[in-house]
Amino acid sequence: GAGYGTDTGPRARASWQRPWVNKLGHRAEADLRLSQVQSTLSGLYSMPSVSSWTDSVDLTTELSNEDTEAKKSLKLRVGAAHLTNRFGWREAIGLEYEVESYDVAESGEIAGLLVPSARWTRTWSDDPIYTRNGLRLTVGVRGSHAAHFLNKCDVLFSIGSSLFPNRFSHAIPDPEKKTIVQC
């Protein structure tokens, strides 16, 4: 497909899917998105479990490039997730490694993050194949070690938690130089 966005300019997208790679039911997907400011190539390889037809292991990768007036960034992300059904919810427990090289305001750095994640999705519908009325609810968490971000930022936002230097297990570096906003 093709389009135009005020924030991206002209853009294009192409996708490829192979629903049956082999006799074991593996499948593969690739997605390419191109625009003037951001380009992304992502891939998925899914392997169903031999013990259960609802379980699978998904391997993912993504390479993205962002080039704006404020930021230049090249990011590589690789990950794996185990998907299963649990109590009527679709559960995905995963782990990603992300490495990014970026330049912001004439300073550049390379950062690597190990990001665990968990996501649960529940779907209610009148018909699972030909849905006319339905609802999908997704709840998830992603995280990483906060010390890298705490060193780099001047303003911290906290929603529904206590974010004070003496309450953090790893402490906030130079807390007197930071603004802490709580909601």
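Residues numbered from 1 in each chain as written. Predicted model: local features only at pLDDT ≥ 70, side-chain atom pairs only at ≥ 80, totals over all residues. Heavy atoms only, no water.

**Here's the deal with the overall build of the protein chain**
Then, number 1: A tally of regular secondary structure across the protein chain gives one helix and eleven strands.
Then, number 2: Listing the helices and strands of the protein chain from first to last along the sequence gives β-β-β-β-β-β-β-β-β-α-β-β.
Then, number 3: Residues classed as buried in the protein chain amount to 21% of the 183 residues present. (Helix = DSSP H or I, 4+ residues; strand = E, 2+ residues; numbered from the N terminus. Buried < 20%, exposed > 50% of the residue type's maximum accessible area, 1.4 Å probe, protein only.)

**So, the sheet that holds strand β3 (residues 27-35)**
Then, number 1: Within the open sheet, the nine strands sit side by side as β1-β2-β3-β4-β5-β6-β7-β8-β9. Their pairing is antiparallel. Both outer strands of the open sheet, β1 (2-5) and β9 (134-142), are each paired with one neighbouring strand and no more. Across this sheet, the average inter-strand angle for adjacent strands is 20°, counted without regard to direction.
Then, number 2: Bridge analysis of strand β4 (residues 38-48) against strand β5 (residues 56-67) gives eleven bridges, and the strand direction is antiparallel. Note on β5: the bridge partner recorded for S39 is N65. (Pairing = 2+ DSSP bridges. Axes fitted to C-alpha atoms, helices over the stretch in contact; angles between N-to-C directions.)

**Here's the deal with the packing of aromatic side chains**
Then, number 1: Taken as a whole and assessed by the stated rule, the structure comprises one aromatic pair.
Then, number 2: Taking 6.4 Å as the distance between ring centres and 85° as the angle between the ring planes, the aromatic pair formed by W89 and W124 counts as edge-to-face. Taken together, the residues span a long stretch of sequence, with W89 in strand β7 (residues 89-104) and W124 in strand β8 (residues 107-125) at a distance of 35 residues. (Phe/Tyr/Trp six-rings, centres within 6.5 Å; stacked < 30°, edge-to-face > 60°.)

**Considering a nonpolar patch on the surface**
Then, number 1: Residues L32, L34, L41, L63, L74, L76, V78, L95, Y97 and L114 make up a contiguous nonpolar surface patch of roughly 840 Å² in combined accessible area.
Then, number 2: Listed by contribution, the elements that provide at least two residues to the nonpolar patch are β3, β6 (71-86) and β7.
Then, number 3: Note that L74 resides in strand β6. (Patch = residues over 30% accessible without salt bridge, like charges linked within 9 Å, V, L, I, M, F, W, Y side chains within 5 Å. Areas by Shrake-Rupley, 256 points an atom, 1.4 Å probe, with all protein chains shown as cover. Salt bridge = Lys/Arg side-chain N within 4 Å of Asp/Glu carboxyl O.)

**A closer look at the confidence of the model for the protein chain**
Detail in the predicted coordinates should be disregarded across regions flagged by low pLDDT.
Then, number 1: Of all residues in the protein chain, 78% have pLDDT values of 70 or greater, and the mean over the chain is 82.
Then, number 2: Below a pLDDT of 50 lies the segment residues 157-171, which in the model reaches 27 contacts outside its immediate sequence neighbourhood of four places, other chains included. (pLDDT = per-residue confidence, 0-100. Contact = heavy atoms within 4.5 Å.)

**Points about the environment of T54**
Then, number 1: With respect to the helices and strands, the residue T54 is situated in the loop between β4 and β5.
Then, number 2: Sequence spacing of T54 and R90 is 36 residues, and the spatial spacing of their C-alpha atoms is 9.3 Å.
Then, number 3: Sequence-distant contacts of T54, that is, excluding residues within four places in its chain, are made with L83, T84, N85 and R90.
Then, number 4: Among the polar contacts made by the side chain of T54, one reaches the side chain of S52 at a distance of 3.1 Å. (Polar contact = N/O pair within 3.5 Å; in protein donor to acceptor, adjacent residues only side chain to side chain.)

**A word on the environment of L83**
Then, number 1: Checked against the element boundaries, L83 lands in strand β6.
Then, number 2: Judged by its relative accessible area of 12%, L83 falls in the buried class.
Then, number 3: With sequence-adjacent residues up to four places away left out, L83 is seen in contact with T54, D55, S56, D58, R90, E91 and A92.

**Here's the deal with the pairing of β3**
Then, number 1: Here strand β2 (residues 9-18) runs beside β3; their pairing, made up of eight bridges, is antiparallel. Within the sheet, the bridge partner assigned to R11 lies in β3 and is S35.
Then, number 2: Remark: two residues form the turn of the hairpin made by β3 and β4, two consecutive strands paired antiparallel.

**A look at the pattern of salt bridges**
Then, number 1: Counting across every chain of the model gives eleven salt bridges.
Then, number 2: The salt bridge partner of E91 is R86, with a shortest N-O separation of 2.9 Å.
Then, number 3: Overall, the relative accessible area of 8% leaves E91 in the buried class.
Then, number 4: The class of R86 is partly exposed, set by a relative accessible area of 41%.
Then, number 5: Here R142 ties to E96 by a salt bridge, and the two come within 3.2 Å at their closest N and O atoms. Highlighted residues: R142 in strand β9 and E96 in strand β7, separated in sequence by 46 residues.
Then, number 6: Bridged by salt links that share partners, the residues E62, R77, E96, E98 and R142 form one connected network.

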